[in-house]
Amino acid sequence: MLRSLLFKKLEQKEQSMIKHYKHLHQYPEPSFNEIITSQYIESFYKDKDVKIHNRIGGNYGLIVEIEGSKPGRTIALRADFDALNITEDTGLPFSSKHEGWMHACGHDAHTAYLMVLAESLIELKDHLPGKIVIVHQHAEELAPGGAIDMINSGYLNDVDEIYGIHLFPDYTPDVISYRKGPTMGGRSLFHLKVKGKGGHGSSPHLANDAIMAASTFVTNVQTVVSRRLNPFDMGVVTISSFNGLGSLNVIQESVELAGDVRYMESRIGHQIHDEIVQLIEGLEETFGVSCEFKYELDCIPLINHYKQTDYLVDILATSQGDYFESLKEHEQLTSSEDFASYLEKIPGTFFFIGCKPYDIDEAFYNHSPKFIVNEDALLTASKALGEVVLNRLYIE
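Residues numbered from 1 in each chain as written. Predicted model: local features only at pLDDT ≥ 70, side-chain atom pairs only at ≥ 80, totals over all residues. Heavy atoms only, no water.

Caption draft 1: Structural detail: the overall build of the protein. Within the protein, the secondary structure is distributed over 11 helices and 16 strands. The C-alpha atoms of the protein give a radius of gyration of 24 Å, which matches the 21 Å a tight globule of 396 residues would have. Dimensions of the protein, computed from the C-alpha atoms along their principal axes, are close to 80 × 45 × 45 Å. For the protein, with 396 residues in total, the buried portion stands at 55%. When the accessible surface of the protein is summed, it comes to about 17400 Å², and 48% of that surface belongs to carbon and sulfur atoms. Seen as two clouds, the 34 positive and the 56 negative side-chain charges of the protein have centres 4 Å apart. (Helix = DSSP H or I, 4+ residues; strand = E, 2+ residues; numbered from the N terminus. Rg over C-alpha atoms; globule rule 2.2 N^0.38 Å. Buried < 20%, exposed > 50% of the residue type's maximum accessible area, 1.4 Å probe, protein only. Areas by Shrake-Rupley, 256 points an atom, 1.4 Å probe, with all protein chains shown as cover. Lys, Arg positive; Asp, Glu negative; His and termini not counted. Charge placed at Lys NZ, Arg CZ, Asp CG, Glu CD.)

Right under this line is the structure:
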C-alpha cells in the first residue's frame, strides 16, 4: 500500500526533518530577504529528479514540480520560511544565531517537514499519477506577502487543489484541527499623521496641539467597532504606535500613529476603512488640524473551501487513532495568513497541527520570544499532508 510506504519513509526520515528544523531555526531571515534560507532549500532539491523554479517574483520563493508516472490531477502543498523581528528567549541549544531575529511562528518547522515529505514523494514518483507542486513561500509575515508572487508566477495556474498546514500550540501533536469556511481574519494596516501648530507649553492658545487631536482619535476610533459595526460582525481596531515624542515644554506640531485592523469578512474591512475616514474628517473639522491617512490591505480573510475541507476530514478520520488521536473543529482565528490568497484562486483548505510541548499546561503562543515547537509535530504534519496528497491524486 502506497500510504504505508510513504509513512515508513517519513518515519525513517524523522530525524532528518528535525535536523533541518534545528538548522533553519538557528539562521532566521527577514521577509523578502531570506537569501541563505532559499539557497539552503534549493540545494536540498538540487540533485533530485524535479523541476525547480527559484527567485519567484524576483524574491526568494521556490516552486518544485514532482511529475508522476502518468497523467492526472495537480495538487499543491505549501509551507513558508520567513522569520520575525523578535529576540529569542527560549534557552534552546539551537537558538537563533541572528541577533534580533527568530523563527517564532513555526515556519522553520513548516519548511523542514515539507522538504522531507517532498523528498519521500520524489522517491515514490514512479507510483504516482499527476503532479505535485511544492510551494516554498517567502515573506508570509510582511505585506504584501509572498503568496502573491507565487500566484502571479503562473506556475500554479493548472493546480487543481492546494493544501497547507500551520503549527499552533493550542494542542499537543496528537491533535489535528480544521475549520470550514471563514477561518482566519483579514488584516489591514493604517498610518495617520496629524499636523497642527507647534508652540511653547506655556502658551497653548498660540499653538494647535496635535497630541490632543490625535489622542481624541485614539479614543474615538474604538467606537467604530463598538457602535458602527453590526454586533454579529467581527472587527478589531488596534493603535499599535503613537509617536509624539518631544521636549517637556513644547507643544508638538505633528504626531504619527499606526494601527492594525482585523476582520473575518472583506466587506467589514472596507466598512472600517470608511468609518475611520469619516472620523478623520471630523477630527480635521473639530481641531483645525490636517491629516495624512494611508490604509493598506495586508491580507484578505482566509476562507477554507467546504468541499476540500470535507475531503480532508474524511481522509484524516480514517487515520484517527493511528498517528494522531483527535480530529477537532477549530474556532475562528483573528490572526491572518496569506495562504488566503491561494484559496481565493484555487480550491483547498488550510488546517492545523498541535505543537504544544507535553510537559506544560499553557504554551507560549506563536510570535512570543519563548515560542517552542514540539518536534513530534513535524512527523504528524508530514503524514497528514502526505495522506491528503496521495488521496487527492488518486481521485478521478
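Caption draft 2: Broad picture of the sheet that holds strand β3 (residues 70-80). Reading across from one edge, β1-β2-β4-β3-β5-β16-β6-β15 is the order of the eight strands in this open sheet, with mixed pairing throughout. Either end of the sheet is taken by a strand with one partner, and the two such strands are β1 (51-56) and β15 (326-329). With strand direction ignored, the average angle separating the axes of adjacent strands in the sheet is 20°. The pairing of strand β5 (residues 161-168) with strand β16 (residues 348-354) spans seven bridges and is parallel. If you follow G164 over to β16, its bridge partner there is F350. On top of the sheet, helix α3 (residues 35-45) reaches β1, β2 (61-67) and β4 (129-137); it is set at about 15° to β2, its chief contact. The strands touched by helix α4 (residues 107-123) within the sheet are β2, β3, β4 and β5, with β3 carrying the most contacts at an inclination of about 160°. (Pairing = 2+ DSSP bridges. Axes fitted to C-alpha atoms, helices over the stretch in contact; angles between N-to-C directions. Contact = heavy atoms within 4.5 Å.)

Caption draft 3: Main features of the environment of L114. Following the sequence through the fold, L114 ends up in helix α4. Residue L114 is classed as buried on the basis of its relative accessible area, which comes to 0%. Sequence separation between L114 and A258 is 144 residues; the distance between their C-alpha atoms is 36 Å. Sequence-distant contacts of L114, that is, excluding residues within four places in its chain, are made with Y45, L77, R78, A79, I134, V135, H136 and L385.

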